[in-house]
Amino acid sequence: DIERIQILVWYLSKWISEEGLAHLKNPRYLKCLDQYFYHVKAMYCDEMNLHEKAIRCLEIGIQLTPHTFGFYTLKGLVQLKLGQYQQALQGFDKAIDLDPYNAEVYYRKAAILDVCEQLCEANEYYDKTIK
């Protein structure tokens, strides 16, 4: 929600000012900061119903860190809101590949399959949510 985003921005600005600018010379730190920025910006855009802009932010985040399942999960959720079920399924599949123990992703995929009336496959994923 918006309050969480404001708190995160406040925290990051406070942390940077307290720690000084030494971290900005570290490429790992910059990459991490970019990840947070695009993830938070995507959440903000999604909250403001700017779903296409949220997807663009998530695609940038995926380019920066293609092995982070959170970007794929959030992208799938935004695509779900846009009715882009097949794209959302692809995103959840990628998230499952990266984190096969995340029950939430299995549940989200099952829900989409349910909406698409692929009930047998949906039930398989609901079962994986429980395991």
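Since the structure is predicted, the reported quantities are computational estimates derived from the model, not experimental observations. (Residues numbered from 1 in each chain as written. Predicted model: local features only at pLDDT ≥ 70, side-chain atom pairs only at ≥ 80, totals over all residues. Heavy atoms only, no water.)

Things to note about the overall build of the chain
For the chain, the helix and strand inventory stands at seven helices and zero strands. Listing every helix and strand of the chain by position from the N terminus yields α-α-α-α-α-α-α. The 131 residues of the chain split such that 32% are buried. Counting contacts in the chain only where the partners sit at least 6 residues apart, residues at least 24 apart contribute 43% of the total. Carbon and sulfur atoms make up 55% of the accessible area of the chain, which totals about 8400 Å². (Helix = DSSP H or I, 4+ residues; strand = E, 2+ residues; numbered from the N terminus. Buried < 20%, exposed > 50% of the residue type's maximum accessible area, 1.4 Å probe, protein only. Contact = heavy atoms within 4.5 Å. Areas by Shrake-Rupley, 256 points an atom, 1.4 Å probe, with all protein chains shown as cover.)

Description of the packing of aromatic side chains
Considering all chains together, one arrives at three aromatic pairs under this definition. Pairing Phe 37 with Tyr 38 gives two aromatic rings, centres 5.0 Å apart and planes at 75°, and the pair type is edge-to-face. Overall, Phe 37 belongs to the partly exposed group, its relative accessible area being 44%. On the accessibility criterion, Tyr 38 (19% relative accessible area) is buried. Across the ring face of Tyr 125, the terminal group of Lys 128 is positioned such that the distance to the ring centre comes to 4.6 Å. (Phe/Tyr/Trp six-rings, centres within 6.5 Å; stacked < 30°, edge-to-face > 60°. Lys NZ or Arg CZ within 6 Å of the ring centre and 35° of its normal.)

Focus: the pattern of salt bridges
Per the counting criterion, the structure on display carries four salt bridges. Glu 59 is the partner of Lys 75 in a salt bridge, and the nearest nitrogen-oxygen pair spans 3.3 Å. Placement of the pair is Lys 75 in helix 4 (residues 69–81) and Glu 59 in helix 3 (residues 51–64), with a sequence separation of 16 residues. When its relative accessible area of 33% is taken as the criterion, Glu 59 is described as partly exposed. Residue Arg 108 pairs with Glu 104 through a salt bridge whose shortest N-O separation is 3.5 Å. Of this pair, Arg 108 and Glu 104 both sit in helix 6 (residues 103–115), separated by four residues, roughly a single helical turn. Classification of Glu 104 by relative accessible area gives partly exposed; the value is 39%. (Salt bridge = Lys/Arg side-chain N within 4 Å of Asp/Glu carboxyl O.)

So, the side chain of Lys 75
Residue classification places Lys 75 among the buried residues on the basis of a relative accessible area of 17%. Among residues more than four places away in sequence, those in contact with Lys 75 are Ile 55, Leu 58, Glu 59 and Ile 62.

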